[in-house]
4 protein chains.
Amino acid sequence: MTKFLSTVAVLTLCLGRAEAQGEKPRARDLGVPFEGTPGPLNAITDVPGVEVGHTTLISGDSVRTGVTVVLPEGKRAKNQVFAGWFTLNADGEMTGTTWIEESGILEGPVAITNTHSVGTVHQAVIEWSVNHVQGLSWSLPVIAETWDGGLNDINGFHVKREHVFAAIENAAGGPVPEGNVGGGTGMQVYQFKGGIGTSSRVLESPHGRFTVGVLVQANYGLRPQLRVAGVPVGLSIPDLMPEGRDSGDGEEDGSIIIVVATDAPVLPHQLKRIAKRASLGLGRNGSTASNGSGDIFIAFSTFHKNIGTEQGGLYDLKMLGNSDLSPIFRATVEASEEAVINAMVAAETMTGRNGTKVYAIPHDRLREALRKYNRLAP
Amino acid sequence: MTKFLSTVAVLTLCLGRAEAQGEKPRARDLGVPFEGTPGPLNAITDVPGVEVGHTTLISGDSVRTGVTVVLPEGKRAKNQVFAGWFTLNADGEMTGTTWIEESGILEGPVAITNTHSVGTVHQAVIEWSVNHVQGLSWSLPVIAETWDGGLNDINGFHVKREHVFAAIENAAGGPVPEGNVGGGTGMQVYQFKGGIGTSSRVLESPHGRFTVGVLVQANYGLRPQLRVAGVPVGLSIPDLMPEGRDSGDGEEDGSIIIVVATDAPVLPHQLKRIAKRASLGLGRNGSTASNGSGDIFIAFSTFHKNIGTEQGGLYDLKMLGNSDLSPIFRATVEASEEAVINAMVAAETMTGRNGTKVYAIPHDRLREALRKYNRLAP
Amino acid sequence: MTKFLSTVAVLTLCLGRAEAQGEKPRARDLGVPFEGTPGPLNAITDVPGVEVGHTTLISGDSVRTGVTVVLPEGKRAKNQVFAGWFTLNADGEMTGTTWIEESGILEGPVAITNTHSVGTVHQAVIEWSVNHVQGLSWSLPVIAETWDGGLNDINGFHVKREHVFAAIENAAGGPVPEGNVGGGTGMQVYQFKGGIGTSSRVLESPHGRFTVGVLVQANYGLRPQLRVAGVPVGLSIPDLMPEGRDSGDGEEDGSIIIVVATDAPVLPHQLKRIAKRASLGLGRNGSTASNGSGDIFIAFSTFHKNIGTEQGGLYDLKMLGNSDLSPIFRATVEASEEAVINAMVAAETMTGRNGTKVYAIPHDRLREALRKYNRLAP
Amino acid sequence: MTKFLSTVAVLTLCLGRAEAQGEKPRARDLGVPFEGTPGPLNAITDVPGVEVGHTTLISGDSVRTGVTVVLPEGKRAKNQVFAGWFTLNADGEMTGTTWIEESGILEGPVAITNTHSVGTVHQAVIEWSVNHVQGLSWSLPVIAETWDGGLNDINGFHVKREHVFAAIENAAGGPVPEGNVGGGTGMQVYQFKGGIGTSSRVLESPHGRFTVGVLVQANYGLRPQLRVAGVPVGLSIPDLMPEGRDSGDGEEDGSIIIVVATDAPVLPHQLKRIAKRASLGLGRNGSTASNGSGDIFIAFSTFHKNIGTEQGGLYDLKMLGNSDLSPIFRATVEASEEAVINAMVAAETMTGRNGTKVYAIPHDRLREALRKYNRLAP
């Protein structure tokens, strides 16, 4: 365990703040024409208070995994916020959602890891919460996953409690590392290398300026289906398919976890609607949500704070009227669409378990495809 | 049509205000020991502003039906309130619920009729709404039903638009007629005569005094299952079963619509939870929710007003913290349990279509059963 | 009423069989590059047994409406089939879905009309069913709607029971009229003229040859969002916007009802998954499912017949294993995407209530946009 | 850890087979008059093939916890069965349910433990599955919980992977130990000692003989609400309340996990309906499903086997028609009602963490209450 832990420490140092988005091109930098106006970081952390932390585990031939945490109000806060969730296709796990559905409240971080580390991360988040949140006597944490068993030795159970603690303790606002990091380390999307991606939108309304931020752990889709900004990029790049005996059979792979954050004053049932819109972003990218995909989305709002699922009291709330949700829906669609492409663009070619090799989408060929279809932004 | 309409007019006159609950014994008056503290009327109209209207159609040998409306804020208001719904067993209809589930808002009355008059009532509520609610350009009304084809000539389609208009126009606060009235006219419960019943509970809390009111249109259940305040009354009165060739085969009959109203400051997702508690009241009464039963419940709160499903804006709201919902849950269970028994106690023996005869539960034998099991309240 | 009825008769004659798809170009004929292999008619009626009927009401200045029925097994059959449903955004109505969700079974036709004719159609379908289906003692019909109040005098309640009977009686297999017909007569999509559209896909599998057919009543979306086969056609044709004082405020318009039929041996819970995939077809076309949109989908399978919601017995069934659903999911996405574009391509410019004018998408400019983005199929 | 493990070993030995139900009186033996006909063991294991295993951890002053597993087809089988789930109130966790909802299939055991051991048990079930189920490459196990932090040092995380392996390996058919065993070790119900309980019903039908079995981990409810067979036992025994500073504040305690097994040929959507009926059993016992209760139910059928969530193929199935479900619904209500009382009757007074003492319901006083209300069975 020491080995992985030190790997983490090193990686967390180098990824946490230094290797930020600014230093690698993102999808917009390559000329992908997305709609809407992103926030300054074009990241979920544009929503004030939201913090993201990764622990990335890359070690030896076959450890290619990790854990990513999203803290709605940051690691020093109670993190009790309104939330809603939706599943487009449910071959996956997001624990804690049963209580979110009913209580309307998310308590604590959202953690994302690989399929076979859900339990360890669940246990670790409880342990961290009990030790760091005053007065906490119980916890039903939200742990989600996608399957990285192609590149990662998933049954080695390499994610340990220390890795979870590190991801939380290293969580921060600011630019969010994308691609082969955290829970996204060993993931694939449209049979290219995938992983973590993020994006945001800023909305001006008569009722204030609202931000919608999205973070994805993308691990789904077959190559021919890939559309980027409507362009059939997957058909344009039929080569560079995953290599190796565990590279998949071209069916049923995948999953995507999407976290949507906003600072708009919306209620739990409205957040469920917002979460549902992530589907439409996937639709734009060509997803058909195959049987084996765990496409699970959670949305939360940081507007109201300190509302515990088991607290009483009389709260003063604000609520946006329903028709003012439409721009937030649109922003969610757009940011979900973009976050997936950001994950692809940031990811790097990786070789892992049993020599499986998954290629990153080549930036030049992506631009070439966009140009061919007259969609390359200036 | 004139005939039925005048019947209505007469019945509405005599039932609407004159024949109120005070003049007939209710379940508590007979010594049924219920829990909790009812409001002054022990009716859904204890929730301030709530109005109920019935049109009762009893005519000739086989017209035994009608329509009941519940107006959250009264017939002169916009009736835009937070709402939630739940179905215990769904062999029934409550239109408009799809939008309530998503928008969290009920607009307009809840109307309850027989299964084959849903369309007519739907059309009539739209027509009434378009003519009476300023600025209304569309409506997705909430119309629910239970099946009265045993006693009533259901395929004669005897409920007409005028009957719906009359039920709305005659709606009022105050005591609520129970038993063979309105939509409940031809209904059966536990193979006794059923129909409309109501009950309420008043709660004192640090955050104010809240009322929970329930109205049921009860039409479900087999005799042996009937429990009253835990007492096996159904087993105690095995005789007085429905008579006639359409009296049912002892299986699969039934349905119950339950409307829960409260003035507590609760949000849509909390109202869904409240609606769900009606199930537990039915459980206490012995229901097993058979396949053929349409057990559909809607709950609304009158605390927040004038929130349209398609309105924008920034609203100031109040919300009870989740743990303060538990007393409201309990009140909903208790009032649902009692409202069903009130429907039975108020109902009167009826003969209808093809000579079908359904007996009212005899008050003396109900008391006798309670006494036998040492449960007769003083 | 006579006037409309005769209008119907005439229209039904001319639309029913003669003016079929073959005589007007469809989206594929214009060079829109869709994925997958359609059936011979590229229509929902490629699923054997499925019949579609329209009654179209166009009369005077402001009657622009109608009703469309889809009969899973044809008007002479019992029409008891497995079904599932899903709502992407629920500002709309589809009655009967509560029981479908629980029973897993659709009984009778799916009828689609305008928002304010749901009740009339509901009543008429019950009446028709009682008179035509042997042994039927009750019915909870499935009636869906979209809002045509821009072009149509929706509060004139012009759809009458005779129109519903006519739509059912005229229902047939074969080519399906598209565009300004039936329930789709007065509808708009992406601020072009919309209405009824259809498409299908044929799948070869080791377990047989399956067809997926889709029919839409399309009435949603804002112009800038329109994508056709990924091409930003809406941005390419910013003119030809609806004209007149009731042409909409550019927000919140819309709704889309989608009916998915298949002959694959799938169970109710699998059909719910299939229905959900229609969302992804809308995502491809640019939908963001705004607050005011009623995007409600139903899927049924004709494989198993004569399974009533209140029948007992022991049935022999077949079921496709879950992983064999993925091609059906893909087919549903593709056919939903195409059916919407087919509706647009078939629709014709219409002037209606208060002089509101809604333009059909010009075929030449659609082709021009596809050519500009190098997506015009040969 | 050795200490607890050996404790387990000992307890498993003594509880596993020897201390079976026969040697302690159960609720029926005390004269509680339940409805329906139980199977020979009156246990979930009356459903052929179902196995139950417990690991009970009782050690020192404050370790009072454990884990219980239910294996639908036994520990040597693949355990791929149709399933459905429902939550009455969701302040709790049952992992894996998102995929069950969509796939209709349960793969592997259902494990029940304390709230803060969900992660450990999740991880252990994956590890066990990977090592024991041929060809398994991933797992989304079903782990449920209730909170035992009153009697148990829940934040000591005393459940270890070895305890989970032991529970699975010791799983067996035959009599099921009840009360202070397995996951139920430290649980409370209606402020008496609670824990594991079980019951079953046998149904004769024209389509065969079906068994419905229920197992509960009961940990909910306030004393005054307790009804046993309709008798207000909670009001009859107001003393013997939990003692000690962690004995609870009389609000919001609790949770109950209910597992329903049947061998009837029912489909996933029908199993969801069956799971829902457990609510009505709780209603009979007086539950109001308070905000803090995690009342989560899962139902599975062993009729169809070896249907994996990610398998393809064409399956031959049998299905009971919907109206034949009503007796199964009734059986589920009855067995749920009885299993809770069985848990109470089997449980023994326990002293745990910080000296908290929770009393078992005294058998004599239970009989006395039943006698007072003339409900004591001969």
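Scroll up to find the structure.
Definitions and cut-offs
Residues numbered from 1 in each chain as written. Chains lettered and ligands numbered in written order. Predicted model: local features only at pLDDT ≥ 70, side-chain atom pairs only at ≥ 80, totals over all residues. Heavy atoms only, no water. Pairing = 2+ DSSP bridges. Helix = DSSP H or I, 4+ residues; strand = E, 2+ residues; numbered from the N terminus. Axes fitted to C-alpha atoms, helices over the stretch in contact; angles between N-to-C directions. Least-squares fit on C-alpha atoms with pLDDT ≥ 70 in both. Contact = heavy atoms within 4.5 Å. Buried area = accessible area lost by both parts, 1.4 Å probe. Salt bridge = Lys/Arg side-chain N within 4 Å of Asp/Glu carboxyl O. Polar contact = N/O pair within 3.5 Å; in protein donor to acceptor, adjacent residues only side chain to side chain. Nonpolar A, V, L, I, M, F, W, Y, C, P; charged D, E, K, R; others polar. Expected span 1.5 Å × (residues − 1). Buried < 20%, exposed > 50% of the residue type's maximum accessible area, 1.4 Å probe, protein only.

Mind showing me how you'd approach the sheet that holds strand β1 (residues 51-59) of chain B here?
The strands making up a sheet are joined through hydrogen bonds of the backbone, oriented either antiparallel or parallel. All names here are of chain B. Strands sit in the order β1-β2-β5-β6 across an open sheet of four strands; the sheet is mixed. A single partner strand is all that each edge strand has here, and the edge strands are β1 and β6 (142-146). Geometrically, the sheet is characterised by an average inter-axis angle of 15° between neighbouring strands, direction not taken into account. Across nine bridges, the pairing between β1 and strand β2 (residues 63-71) is antiparallel. Residue pairing for β2: T56 is matched across the bridge by G66.

Explanation requested: the relation of the copies chain C and chain A in the structure shown.
There are two copies of the chain, and a rotation about an axis plus a shift along that axis relates them. Placing chain C over chain A gives an RMSD of 0.0 Å and needs a rotation angle of 180°, together with 0.0 Å of translation along the axis. Considering both components of the superposition, the chain copies are consistent with a two-fold axis. Among all residues of chain C, the minimum C-alpha distance to the rotation axis is found for G230 of chain C, at 1.8 Å.

Explain the interface of chain C and chain A to me, please; I cannot follow it from the model alone.
How big an interface is tends to be stated in terms of the accessible area lost upon association of its parts. Between chain C and chain A, the contact holds 38 residues from the first and 38 residues from the second. Summing both partners gives a buried area of about 3,200 Å² for chain C against chain A, and 45% of it is carried by carbon and sulfur. Taken together, chain C and chain A are joined by four salt bridges. Run the count over chain C and chain A and you get 20 residue pairs in polar contact (both at pLDDT 80 or more).

For this particular structure, what's the right way to read the interface of chain D and chain A?
On the side of chain A, 39 residues touch chain D, which itself brings 39 residues to the contact. Looking only at chain D, the three residues that lose the most surface to chain A are T98, H116 and Q123 of chain D, adding up to 18% of its buried area. Where chain D packs against chain A, one counts 17 residue pairs in polar contact (both at pLDDT 80 or more). When residues of the side of chain D that touches chain A are assigned to their parent elements, the largest contribution, eight residues, is made by helix α3 (residues 118-132) of chain D. Classifying every residue of the side of chain D that touches chain A gives 13 nonpolar, 20 polar and six charged.

Just checking my understanding: could you explain the relation of the copies chain D and chain A for this structure?
Of the transformation superimposing chain D on chain A, the axial component is 0.0 Å and the angular component is 180°, with the fit at an RMSD of 0.0 Å. Here 100% of the interface residues in chain D have copies in chain A that are interface residues too; the copies meet face to matching face.

Please clarify how helix α7 (residues 326-346) of chain D should be interpreted in this entry.
An α-helix turns once every 3.6 residues. As a result, residues three or four positions apart point the same way. Its 21 residues give α7 of chain D an end-to-end C-alpha distance of 30 Å, which sits within 8% of 30 Å, the value for a rise of 1.5 Å per residue. For α7 of chain D, the buried fraction is high: 19 of the 21 residues fall into the buried class.

I keep staring at the environment of L151 of chain A and nothing clicks. Help me out?
Residues and elements named next belong to chain A. Within the secondary structure, L151 sits in the loop between β6 (142-146) and α4 (161-169). You can call L151 buried: its relative accessible area is 0%. Linking L151 and S137, residues 14 residues apart in sequence, is a C-alpha distance of 38 Å. Ignoring sequence-local partners within four residues, the contact set of L151 consists of S62, R64, G186, Q188, K193, M350, T351, G352, R353, T356 and V358.

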